[in-house]
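The chain contents come next:
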Amino acid sequence: MKASELLSYLKMKQINGDISELEINYLSQNSRDIQDDTLFFCVVGETVDGHNYAAKAYEAGASLFVASKPIDDQVGDKPVVYVKDVKRAMAMLANAFYGFPSQDLNMFGVTGTNGKTTVTHLIECIYRGQGQKTGLIGTIYRKIDDQIFDTVNTTPDSLLMQATLAQMVEAGVSMCASEVSSHALFQGRTWGVDFNTAVFTNLTHEHLETHKTMEEYGTVKSLLFSQLGNSSKGGRQRFAVINLDDPFSKTLAYRTAAQVVSYSLANQDADFYTSDLNYAVDGTEFTLHFQNEVYPVTIPLVGEFNVSNTLAALGAAYVNGIDLSAAIDSLRDFKGISGRMQVIANPLGINAIVDYAHTPDGLEKLYIALKQIPHKRLITMIGHDGGNRDNSIRPELGRLALENSDWVVLTTENPRDEDPRKIMVEMVGSTNLTNHEYVEDRKEAIYRTVALAEAGDLIVFAGKGHESVQYLNGYSVAFDEAGYVAQALQERQASENGGNLS
């Protein structure tokens, strides 16, 4: 693409140098990722300032630079485009460079403290059940039809976001369900993404290290809904699907011009609500009420919160034209999600579950779900992130674990550069409960938890879920929680069988 054509989408700019014959074939904000004819964005991040890497990008062959601070002395005779906000310019130019791909997709954006991953996967499952090619962007991976790509952030930066959406369009994908984190909204990663439907799950205590107050956290979340705008998209209506069980839903309804669709576990004022919930260790049955009709629903997911997630997905699919009965049928084939109420099968009679619950709200909902499963004792293994994370929630996490469990193994999660013992002690806080022990090494804690369990017990490993690495003292190590749990159970079985796994 001609640089002059691309930059025509950016009205407020100052160009130093000649761009009349310049071609741009690649966009990057990483000085180690430079190809021929690259436009390099000097982004100011939380810990790194891209302006300090302009010289490296120049040496690697970058052809054009976008900056907000003087860099002419670093880039030789290469032209520089000066703007006030590089991140905003990057989002706008990436959208134009990749041909405004979200306009060709039915875009679902899902935000909330908990439930984003499950809801996006449920929506994607419904559309796959209708024979459509689907896309998914989220915490665990990016998915284009059947291809899986690694992910770093829940919501990619604007360059990767637009490139991914363009790949989806090229692959013939018709819809994309994307998790939209508060960090992504705060940092403008979804600027330029044209969402058809925004889904709200809940708003609970998290990320106050970034947002400072719950009010600010809520305001950031509401950006997804206010950005739906006032107009339709290609003749298709826009929708805001909100959880009426969360008090913040009223605020969201005021902050969007889209048609509001509500769901609730029991509030009959909602468009979609439920009754007759029946839980088992491997699934849930309930009755869905919608427009004076009732629908029996069976999902291979456990817990009240997963019923709420299912309502969100069904509501989002229905308002976008999917037959409700067909959508319900599609969910029977849902395969579940790694690290989300993931049952680790074993012949020991022990119910073992790995879950990502890492906030007070998520942990509380997890315990509500676990108590629906018949068991003798409930044993929890849990830790909390260290470093620059919101440590104010540690006592509440500890209290919930101690009050709802017969025994708690406190351990590390991602301690980073913080003293693991300090984190664990802060989780116990001022409680007088003594039903706990400390095991600093998380793998050892998994083995200890398995060793404590007896047939009929329920053991839950909370906090890491799907995460594949653990961050320790400035470095990362591979960590497969579900794999270690399965391994510990297998080794215990072998030990009890005299070394024979059969």
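Residues numbered from 1 in each chain as written. Predicted model: local features only at pLDDT ≥ 70, side-chain atom pairs only at ≥ 80, totals over all residues. Heavy atoms only, no water.

A word on the packing of aromatic side chains. On inspection of all chains with the given rule, the structure shows 9 aromatic pairs. Measuring from centroid to centroid gives 4.2 Å for Phe 272 and Phe 290, while their planes differ by 5°, and the two rings are stacked. Of this pair, Phe 272 sits in strand E14 (residues 272-280) while Phe 290 sits in strand E15 (residues 283-290), and the two are 18 residues apart along the sequence. The class of Phe 272 is buried, set by a relative accessible area of 1%. (Phe/Tyr/Trp six-rings, centres within 6.5 Å; stacked < 30°, edge-to-face > 60°. Helix = DSSP H or I, 4+ residues; strand = E, 2+ residues; numbered from the N terminus. Buried < 20%, exposed > 50% of the residue type's maximum accessible area, 1.4 Å probe, protein only.)

With that settled, the discussion passes to the sheet that holds strand E17 (residues 342-344). In space, the 6 strands of this open sheet follow the order E17-E18-E22-E19-E20-E21, with mixed pairing throughout. The open sheet is flanked by E17 and strand E21 (436-438), the only strands paired with a single partner. Direction aside, the axes of adjacent strands within the sheet are offset by 20° on average. Relative to strand E18 (residues 351-355), E17 is paired through 3 bridges, and the arrangement is antiparallel. In the strand pairing of E18, Ile 344 is matched with Ala 352. Where helix H13 (residues 394-404) meets the sheet, its contacts fall on strand E19 (378-382), strand E20 (407-410) and E21, and the angle it forms with E19 comes to roughly 160°. (Pairing = 2+ DSSP bridges. Axes fitted to C-alpha atoms, helices over the stretch in contact; angles between N-to-C directions. Contact = heavy atoms within 4.5 Å.)

Moving on, we get to the environment of Val 297. Take Val 297: it is sitting in strand E16 (residues 293-299). Taking relative accessible area as the criterion, Val 297 reaches 2% and is therefore assigned buried. Taking the C-alpha atoms as reference points, Val 297 and Lys 87, separated by 210 residues in sequence, lie 44 Å from one another. Discounting chain neighbours no more than four positions away, the residues touching Val 297 are Thr 284, Glu 285, Phe 286, Leu 288 and Ile 328.

Taken as a whole and assessed by the stated rule, the structure comprises 22 salt bridges. When the shortest N-O distance is used, the salt bridge between Arg 88 and Asp 85 registers 3.8 Å. For Arg 448, the salt bridge goes to Glu 437, with nearest N and O atoms at 2.9 Å. Of this pair, Arg 448 sits in helix H15 (residues 442-452) while Glu 437 sits in strand E21, and the two are 11 residues apart along the sequence. Take Arg 448: its relative accessible area is 35%, and that puts it in the partly exposed class. Look at Glu 437 and you get buried, because its relative accessible area is 17%. (Salt bridge = Lys/Arg side-chain N within 4 Å of Asp/Glu carboxyl O.)

On average, residues of the chain carry a pLDDT of 90, and 97% of them reach 70 or more. Here helix H7 (residues 208-211) stands out as the element of the chain with the lowest mean pLDDT, 48, in contrast to strand E3 (residues 38-41), whose mean of 98 is the highest. (pLDDT = per-residue confidence, 0-100.)

The next point concerns the nonpolar core. Judged by nonpolar contacts, the single largest core of 39 residues is most densely connected at Ile 123, Ile 126, Leu 288, Leu 314 and Leu 324. When neighbours within four sequence positions are excluded, Leu 324 is seen to be in contact with Phe 272, Leu 288, Phe 290, Tyr 295, Leu 314 and Tyr 318. (Core = buried A, V, L, I, M, F, W, Y, C linked by side-chain atoms within 4.5 Å.)

Residues Pro 420, Ile 423, Met 424, Met 427 and Val 428 constitute the buried set of helix H14 (residues 420-428). Projected down its long axis, H14 shows its buried positions confined to an angular sector of 140°, all on one face. Each element contacted by the buried residues of H14 is listed here: E19, H13, E20 and E21. You can read the cap of H14 off the contacts: a side-chain oxygen lies 3.1 Å from the backbone nitrogen of Arg 421, and it is on Asp 419. Gly 429, located one to two residues past H14, shows a positive phi value of around 60°. (Arc of directions from axis to C-beta. Polar contact = N/O pair within 3.5 Å; in protein donor to acceptor, adjacent residues only side chain to side chain.)

Turning to the UniProt feature "modified residue: N6-carboxylysine" (unreviewed entry) in the chain, a few remarks are in order. Residues given the UniProt feature "modified residue: N6-carboxylysine" (unreviewed entry) here are Lys 221. Note on placement: Lys 221 falls in helix H8 (residues 214-226). Once you skip the residues sitting within four places of it in the chain, Lys 221 turns out to touch Thr 111, Gly 112, Thr 113, Lys 116, Val 180, Ser 181, Ser 182, Leu 185 and Leu 203. (UniProt positions renumbered as here; feature names shortened; annotations may be inferred.)

Our focus in this paragraph is the side chain of Thr 120. In this structure, Thr 120 sits in helix H4 (residues 116-129). When sequence neighbours within four positions are dropped, the list of residues in contact with Thr 120 reads Val 110, Leu 136, Ala 177, Ser 178 and Glu 179.

A few words now on the side chain of Arg 238. Structurally, Arg 238 can be placed in the loop between H8 and strand E12 (239-243). At a separation of 2.7 Å, a polar atom in the side chain of Arg 238 contacts the main-chain carbonyl oxygen of Ser 231. Setting aside chain neighbours within four positions, we find Arg 238 in contact with Asp 194, Phe 195, Asn 196, Leu 228, Ser 231, Ser 232, Lys 233, Ala 258 and Gln 259.

A few words on the environment of Ala 326. Residue position: Ala 326 is located in helix H11 (residues 324-331). Classification of Ala 326 as partly exposed rests on a relative accessible area of 24%. Counting along the chain gives 196 residues from Ala 326 to Gln 130, while the straight-line C-alpha distance between them is 7.8 Å.

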